[in-house]
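Chain and residue survey
Chain by chain, the residues:
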Amino acid sequence: MSVNRRSFLLATPLAAHAATWQDTPKVPTAVIGTGGRGSYLLRGVLEQSNTKVAMLCDNKPDRLDKAATAAARDNPKTTTDWRKVIDDKSIEAVFIATPPHLHAEMAIAAIKAGKHVYCEKPIGIKASEIRQLLAAAKASKKVFVAGQQLRSMTMLQEAVGKIHDGIIGDIVMVKAQRHATADLPHDGSSGDWYFDVNKGGGYLVEQSVHNLDLINWVMNAHPEKACGWGAINFYKNQPPGRTIFDCGSMVFNYPKNVQMSFTQMVFHPRAMPLGNQYVHVFGTKGSVDLMGAPTMFPIGGGPAALLAEKRKESPHAHIEMFYRSIIENKPSPADATVGAAAALTAILGHEAMAKQQIVNWSDFGIAI
Ligand SMILES: NC(=O)c1ccc[n+]([C@@H]2O[C@H](COP(=O)([O-])OP(=O)(O)OC[C@H]3O[C@@H](n4cnc5c(N)ncnc54)[C@H](O)[C@@H]3O)[C@@H](O)[C@H]2O)c1
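Here's a quick rundown of the structure. Quick caveat, the model's predicted, so the values are computed rather than measured. Counting starts from 1 at the beginning of each chain's written sequence and moves along it residue by residue. Given that this is a predicted model, residues contribute local features only at a pLDDT of at least 70 and side-chain atom pairs are listed and counted only at 80 or more, while totals for whole chains, interfaces and linings are drawn from all residues. Neither water nor hydrogens contribute to the side-chain values; these are computed over all heavy atoms in the structure.

Observations concerning the nonpolar core
Counting residues in each nonpolar core, the largest one holds 78 residues, and the members touching the most others are Phe-144, Ile-171, Ile-215, Phe-252, Phe-262 and Leu-290. Where helices and strands are cited, they refer to DSSP runs of H or I of at least four residues and of E of at least two residues respectively, numbered from the N terminus. A per-element tally of this core places helix α13 (residues 336-355) first, with 10 residues. Domain start and end points were adopted from an automatic or database domain assignment. Mapped onto the domain boundaries, this core takes at least three residues apiece from domain 1 (3-149 + 317-335) and domain 2 (151-310 + 344-364). In this analysis, two residues are considered to be in contact whenever any of their non-hydrogen atoms come within 4.5 Å of each other. Discounting chain neighbours no more than four positions away, the residues touching Phe-262 are Ala-176, Gln-177, Arg-178, Leu-204, Ser-208, Asn-211, Leu-212, Ile-215, Gly-248, Ser-249, Met-250 and Phe-252. In plain words, nonpolar cores are sets of buried Ala, Val, Leu, Ile, Met, Phe, Trp, Tyr and Cys residues tied together by side-chain atoms within 4.5 Å. Accessibility here uses a 1.4 Å probe with only protein chains present; expressed as a share of the type maximum, an area under 20% marks a residue as buried, one over 50% as exposed, and anything in between as partly exposed. Listed in part, the 23 residues of the second largest apolar core include Val-31, Leu-41, Val-53 and Val-143.

As structure tokens, then:
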């Protein structure tokens, strides 16, 4: 594929874009990390009409073989060394689905090599590496997408848009949780890194980053400070050597003194009410739960109003958006700033719990 040909297609007028999307040369794509999430992303890449799986990378040969079989249609090259993907000039787009502590280094290398990057969430687990990644992405003319796929859900786009337009008035408080009925399987696909806080970042950073991103989105801001407590109370030393909290409670302080309280835990009995996840957004005119069918309940009563119909969303909408950004030059709703803000919000909460003190966003030295 010639870059000039793609540049030519990108320069075609808007009216020609539908044809461009269908007819554009296939984007040679690599996936680094073909475990649980990488295999899912690979299926999504294979479903796109304008991609070719050109290279696969995993340092576990059995996972690499499985992925190569899944992508046999495109006969991809395979490697256990991720730097070979970076050095391969024929690769234009890279998906990074390795454990979180590797994301920033790999993404920065891919950006600097001139590739479009889709980096799974969290885009980093330390503020210092996120600062470097953000700077690299901003300096690049290529697309960067963070794996914060809620941003591609049309129902949420509609509901959040109406909240931004003022349907619930001014947001005055948020109460949210991410509760699960159990840990991830201790011997599962990600069991060799997930329970190590230095590799996954902890439950808040690794999983709740989605919920926190949704809250940043609806708030149109990130928190200024956080306090909280976390503990390992249920799964003590399970699996052996565990360093991630299994529960925690935090308060995040957003601009205009809006408080967001957040709890997370992994032992909520399935049959007990108020399990699972919610994001309750309280406004001066009414309140909404953004994780369910987003219904507004007016202050003082009156009929509830659905802000957006529940609908069947494409499971690969975020991947399609990545390629539309590349091919049609469309802005990504989950760019590096969004990914960085989500990861840093989670790091803020995690550090507050770990240090048992108030942590300030300004300590990160990253203006977003
Ligand atoms: N967006 C989402 O909803 C979502 C869902 C699940 C997972 N994820 C994210 O995807 C990432 C991967 O999670 P997972 O559950 O697939 O984990 P996983 O352990 O199943 O997969 C990670 C893969 O990376 C490979 N790997 C590790 N080090 C490597 C290296 N140096 N070079 C090449 N390959 C290497 C491992 O062998 C493994 O196959 C995590 O960041 C996770 O948070 C995102």
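Having seen the structure, we can now continue with the description.
Observations concerning the packing of aromatic side chains
Both the distance between ring centres and the angle between the ring planes are used here to describe each pair of aromatic rings. For Phe, Tyr and Trp, rings pair up if their centres lie within 6.5 Å, where Trp contributes its six-membered ring, and each pair is then called stacked (planes under 30 degrees apart), edge-to-face (over 60) or tilted (otherwise). Across all of its chains, the model carries 10 aromatic pairs by this definition. With a centroid separation of 5.2 Å and an interplanar angle of 80 degrees, the aromatic rings of Phe-95 and Phe-322 are classed as edge-to-face. Of this pair, Phe-95 sits in strand β4 (residues 93-96) while Phe-322 sits in helix α12 (residues 317-328), and the two are 227 residues apart along the sequence. The same class applies to Phe-95 as to Phe-322, namely buried. Residues Phe-95 and Tyr-323 carry aromatic rings whose centres are separated by 6.2 Å and whose planes lie at 40 degrees to one another, so their mutual orientation is tilted. Of the two residues, Phe-95 sits in strand β4 while Tyr-323 sits in helix α12, which places them 228 residues apart along the sequence. The exposure class assigned to Tyr-323 is buried, which follows from its relative accessible area of 0%. Here the aromatic cluster, defined as three or more aromatic residues joined through ring pairs, consists of Phe-95, Tyr-118, Phe-322 and Tyr-323.

Points about the pattern of salt bridges
The salt bridge definition used is simple: a Lys or Arg side-chain nitrogen within 4 Å of an Asp or Glu carboxyl oxygen. All told, the structure shown has 14 salt bridges when counted by the stated rule. Of the charged contacts in the structure, one is a salt bridge between Glu-158 and Lys-162, with a shortest N-O distance of 3.7 Å. With Glu-158 and Lys-162 both in helix α8 (residues 154-164), this residue pair falls 4 residues apart, about one helical turn. With relative accessibility at 33%, the residue Glu-158 sits in the partly exposed group. Salt-bridge contacts for Asp-183 lead to Arg-242; the nearest nitrogen and oxygen are separated by 2.6 Å. Separated by 59 residues along the polypeptide, Asp-183 in the loop between β7 (171-179) and α9 (197-200) and Arg-242 in the loop between β8 (225-231) and β9 (247-254) bring together distant segments of the chain. Looking at Arg-242, the relative accessible area reads 7%, which means it is buried. Members of the salt-bridge network, linked through shared partners, are Glu-320, Arg-324, Glu-328 and Lys-330.

Digging into the packing of helix α6 (residues 103-112) against helix α7 (residues 127-139)
Angles shown run from 0 to 180 degrees and are taken between the N-to-C directions of axes, each axis being a line fitted to C-alpha atoms and, for helices, limited to the stretch in contact. Running from N to C, α6 and α7 cross one another at 20 degrees; their axes reach a closest spacing of 9 Å. For the element pair α6 / α7, the angle class is roughly parallel. Here the hand of the crossing between α6 and α7 comes out left-handed. Counted together, Ala-104, Ala-107, Ile-108 and Ile-111 of α6 and Glu-129, Gln-132, Leu-133, Ala-136 and Ala-137 of α7 form the full contact between these two elements. For the contact of α6 with α7, the residue count by class is 7 nonpolar, 1 polar and 1 charged. Roughly parallel here means an angle under 35 degrees, roughly antiparallel means over 145, roughly perpendicular means 65 to 115, and every remaining angle is called oblique. Each helix crossing is assigned a hand: it is left-handed if the near helix lies turned anticlockwise from the far helix by less than a right angle, otherwise right-handed if that turn is clockwise. Residue polarity is assigned by list, with Asp, Glu, Lys and Arg as charged and Ala, Val, Leu, Ile, Met, Phe, Trp, Tyr, Cys and Pro as nonpolar; anything else, Gly included, falls into the polar class.

Brief notes about the pairing of strand β11 (residues 277-283)
In this sheet, β11 lies alongside β7 in antiparallel orientation, the contact comprising 7 bridges. Across the sheet, Arg-178 pairs through a bridge with Gln-277, a residue of β11. DSSP calls a pair of strands paired once it identifies at least 2 bridges connecting them. Where β11 and strand β12 (residues 286-289) come together, 3 bridges link them in antiparallel fashion. Counted as the bridge partner of Val-281 is Val-288 from β12. In this structure, the hairpin formed by β11 and β12 is closed by a connection of 2 residues.

Some words on the packing of helix α11 (residues 209-219) against α13
Contact geometry of α11 with α13 gives a least axis separation of 9 Å together with a crossing angle of 115 degrees. As α11 runs across α13, the sense of the crossing is right-handed. Of the residues in α13, those in contact with Val-209, Leu-212, Asp-213 and Asn-216 of α11 are Val-338, Ala-341, Ala-342, Ala-343, Thr-345 and Ala-346. Across the contact of α11 with α13, the residue classes tally to 7 nonpolar, 2 polar and 1 charged.

What about the site of the ligand?
If even one non-hydrogen atom of a residue comes within 4 Å of a molecule or strand, that residue is called near it. Taken together, 25 residues form the shell around the ligand, and within it Arg-37, Asp-58, Gln-149, Ser-189 and Glu-206 come nearest. Here an oxygen atom of the ligand and a side-chain polar atom of Gln-149 are 2.8 Å apart. Polar contact is the term for a pair of N or O atoms within 3.5 Å; when the atoms are in protein, one must be able to donate a hydrogen and the other to accept it, and sequence-neighboring residues count only if both atoms are side-chain atoms. Residue Glu-206 places a side-chain N or O atom 2.3 Å away from an oxygen atom belonging to the ligand. The protein chains hide 87% of the 840 Å² of surface that the ligand would expose on its own. Shrake-Rupley sampling with a 1.4 Å probe provides the accessible areas, and residues are treated as covered by the protein chains on show and by no other component.

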